[in-house]
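# Coordinate analysis (summary)
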Amino acid sequence: RSHGRSRFSIYDSRFTIPEQVTNEQIARRFNDMASLMEVRGEDPFRLRSYRMAAEAIETWPTEMQEIAKDEGAAGLQEIPGVGKAIAGKIIELIETGTFDAWDRLTAETPETVLDLLELPGVGPKTAAMLHQKFKIASLDDLRKFVEGGGLETVDGIGPKTAERITESLNKL
């Protein structure tokens, strides 16, 4: 039952026994979700709720998988920042290795867009603009864009920032 859609797979290919999904993995997925939503210019309130839940989950002493197994969604909702909707997503993530909202989001905005945010000089607004205006969805796309002199044509990216982005790309 391998789904092959997520960065981490919770299923071993030979067995159908779910592996442990760690709190860190769940938190990372929610942080990635928030970052993609930010790049897309979505509701700041919604993306903040993912970040707050991620922060609580990452530092929670008990594994989400244990809480979900023993107490279900109600137990998960005891965690600050985890409401009904996020509890449902945690359970879906534990059971299937992904969740519907993530699949829908990454179908429209590939998660490789997040790699752009790793570059000095590229924040969420710049990544959003590069993705929306120029269809740049990965570091490779950005590299081709830069080699073609594209950065000089972008409003809001000055010569210093363009140089910093170019240098960062060359180091990769």
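This text gives an overview of the structure that appears in the document. (Residues numbered from 1 in each chain as written. Predicted model: local features only at pLDDT ≥ 70, side-chain atom pairs only at ≥ 80, totals over all residues. Heavy atoms only, no water.)

Turning our eyes to something else, we now look at the overall build of the chain. Regarding its fold elements, the chain presents nine helices and zero strands. From first element to last, N terminus to C terminus, the chain shows the α and β order α-α-α-α-α-α-α-α-α. Relative to its full complement of 172 residues, the chain shows a buried share of 42%. Contacts spanning at least 24 positions in sequence make up 56% of the contacts within the chain whose residues lie at least 6 apart. Per element, the accessible surface of the chain, about 9,600 Å² overall, is 51% carbon and sulfur. (Helix = DSSP H or I, 4+ residues; strand = E, 2+ residues; numbered from the N terminus. Buried < 20%, exposed > 50% of the residue type's maximum accessible area, 1.4 Å probe, protein only. Contact = heavy atoms within 4.5 Å. Areas by Shrake-Rupley, 256 points an atom, 1.4 Å probe, with all protein chains shown as cover.)

In this model helix H1 (residues 23-39) runs 24 Å from its N-terminal to its C-terminal C-alpha over 17 residues, within 8% of the 24 Å that 1.5 Å per residue would give. In terms of burial, H1 is a largely internal element, 13 of the 17 residues being buried. Gly41, located one to two residues past H1, shows a positive phi value of around 75 degrees. (Expected span 1.5 Å × (residues − 1).)

Our next topic: the packing of H1 against helix H2 (residues 44-59). Where H1 meets H2, the axes come as close as 8 Å, and the angle between the chain directions of the two elements is 165 degrees. Put simply, H1 runs roughly antiparallel to H2. Seen from above, H1 lies across H2 with left-handed handedness. For the pair H1 and H2, contact is made by Asn23, Glu24, Ile26, Ala27, Phe30, Asn31, Met33, Ala34, Ser35, Met37 and Glu38 and by Arg46, Leu47, Tyr50, Arg51, Ala54, Ile57 and Glu58, respectively. Class assignment of the residues belonging to the contact of H1 with H2 gives a composition of ten nonpolar, three polar and five charged. (Axes fitted to C-alpha atoms, helices over the stretch in contact; angles between N-to-C directions. Parallel < 35°, antiparallel > 145°, perpendicular 65-115°, else oblique. Left-handed = near helix turned anticlockwise from the far one by under 90°. Nonpolar A, V, L, I, M, F, W, Y, C, P; charged D, E, K, R; others polar.)

The next subject is unusual backbone geometry. Unlike most non-glycine residues, Lys135 shows phi in positive territory, near 55 degrees. Relative to the helices and strands, Lys135 is located in the loop between helix H7 (124-134) and helix H8 (139-147). Looking at Lys135, the relative accessible area reads 61%, which means it is exposed.

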